[in-house]
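Descriptive analysis of the structure
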Amino acid sequence: PQLRPRGPRVIPEHYGDTDLLAQGIVRHCERHGLGDVGMIVGITILAWKVGAYEFGLTVENTEDGGTGSLREALERANVKSGLDRIVFVPGVRGTIVLWSALPVVTDDVEISGPGPSELTISGASSVRPFWIGADIGVTLSGLRIADGFAGWEGSGGGIYNTGSLVLNNILLSGNGAGFGGGVVN
């Protein structure tokens, strides 16, 4: 079956040569009745756009694991050396409930969410959402980190940081630990 465009496309005009390629693919596919395919290819190219980052990783759902999850993106970021950027595709909103701790962050990463009122990372009152390894640079932005728990003998219920941490537009709420419920630095 042929895919048909469902509405107007918003195409960024200011991201350089990689984005011009993505724009061209989107426009070509729209002209030939394949608008949705073109948009998927265009978004994929934009997501993998090289800039100050080694590569871009996208989170496509609010599942705890599997393809397109935050857990998978962090695992991939830990494998590749250099600064990585993890972003959430438009439409990923709600709560990511963690049933086990996310992998310890072992490589520099920026994680950019849509805003703390839009996306929550929840430890379900049983696990700590983020543990940042020694000498690692991490920037978290646009997230609510809630209901993390490191145990009453533990530290950093929401975030345990032994590296360099920058928080931008982050809401920490309902996290618990013996010391530093929200974050230990």
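Residues numbered from 1 in each chain as written. Predicted model: local features only at pLDDT ≥ 70, side-chain atom pairs only at ≥ 80, totals over all residues. Heavy atoms only, no water.

Further remarks concern the overall build of the protein chain. Scanning the protein chain from terminus to terminus reveals 3 helices and 10 strands. Secondary structure elements in the protein chain, listed N-terminal to C-terminal, are α-α-β-α-β-β-β-β-β-β-β-β-β. Relative to its full complement of 185 residues, the protein chain shows a buried share of 41%. Taking the intrachain contacts of the protein chain between residues at least 6 apart in sequence as the baseline, contacts between residues at least 24 apart amount to 72%. As displayed, the protein chain has an accessible area near 9400 Å², and 55% of this comes from carbon and sulfur atoms. (Helix = DSSP H or I, 4+ residues; strand = E, 2+ residues; numbered from the N terminus. Buried < 20%, exposed > 50% of the residue type's maximum accessible area, 1.4 Å probe, protein only. Contact = heavy atoms within 4.5 Å. Areas by Shrake-Rupley, 256 points an atom, 1.4 Å probe, with all protein chains shown as cover.)

Further remarks concern the pairing of strand E7 (residues 137-146). Extensive coverage of E7 is indicated by the burial of 7 of its 10 residues. Two strands pair when backbone bridges link them, and strand E4 (residues 109-112) and E7 are joined in this way by 4 bridges, in the parallel orientation. Across the sheet, the residue bridging to Ile111 is Leu140, located in E7. Relative to strand E9 (residues 164-173), E7 is paired through 9 bridges, and the arrangement is parallel. Within the sheet, the bridge partner assigned to Thr139 lies in E9 and is Val166. (Pairing = 2+ DSSP bridges.)

Before going further, it helps to examine the side chain of Asn175. Among the secondary structure elements, Asn175 is positioned in the loop between E9 and strand E10 (183-184). Here the side chain of Asn175 touches Ile145 through a polar contact of 3.0 Å, landing on its backbone oxygen. Polar side-chain contacts of Asn175 include one of 3.4 Å to the backbone nitrogen of Asp147. Those residues in contact with Asn175 that lie beyond four places of it in its chain are Ile145, Ala146, Asp147, Gly148, Gly157, Gly158, Gly181 and Gly182. (Polar contact = N/O pair within 3.5 Å; in protein donor to acceptor, adjacent residues only side chain to side chain.)

This next bit is on the pattern of salt bridges. Applying the stated criterion across every chain yields a total of 2 salt bridges. Close ionic contact of Asp64 with Arg71 constitutes a salt bridge, the shortest N to O distance being 2.6 Å. Like Asp64, the residue Arg71 is buried in the burial classification. A salt bridge links Glu118 to Arg93, with the nearest nitrogen and oxygen atoms 3.1 Å apart. Taken together, the residues Glu118 in the loop between E4 and strand E5 (119-122) and Arg93 in the loop between strand E2 (84-88) and strand E3 (94-97) connect sequence positions 25 residues apart. Here Glu118 falls in the partly exposed class, since its relative accessible area comes to 35%. (Salt bridge = Lys/Arg side-chain N within 4 Å of Asp/Glu carboxyl O.)

The subject of this paragraph is the pairing of strand E1 (residues 56-59). As paired elements, E1 and E2 share 4 bridges and run parallel to each other. Within E2, the residue paired with Val59 across the bridge is Phe88. Viewed along the sheet, the connection from E1 through helix H3 (residues 70-79) into E2 turns out right-handed. (Right-handed = clockwise from strand over helix to strand, strands pointing away.)

Its identity as a non-glycine residue notwithstanding, Ala124 has a phi of 55°, on the positive side. Looking at Ala124, the relative accessible area reads 27%, which means it is partly exposed. A positive phi angle, close to 55°, is found at Ser125, a residue other than glycine. For Ser125, the location among the structural elements is in the loop between E5 and strand E6 (130-132).

This part is about the nonpolar core. If you look at soluble globular proteins, the nonpolar side chains tend to sit buried side by side. Membership of the largest hydrophobic core comes to 28 residues, with the highest contact counts inside it found for Leu70, Leu74, Ile86, Phe88, Ile111, Phe130 and Leu140. Those elements that provide at least two residues to this core are E1, H3, E2, E4, E5, E6 and E7. With residues up to four places along the chain from it excluded, the contact list for Ile111 reads Leu70, Leu74, Ile86, Phe88, Phe130, Thr139, Leu140, Ser141 and Leu143. (Core = buried A, V, L, I, M, F, W, Y, C linked by side-chain atoms within 4.5 Å.)

Note on placement: Val87 falls in strand E2. For the pair Val87 and Leu70, spaced 17 residues apart in sequence, the C-alpha to C-alpha distance is 9.1 Å. When near neighbours in sequence (up to four residues on either side) are disregarded, Val87 contacts Leu57, Thr58, Val59 and Ser112.

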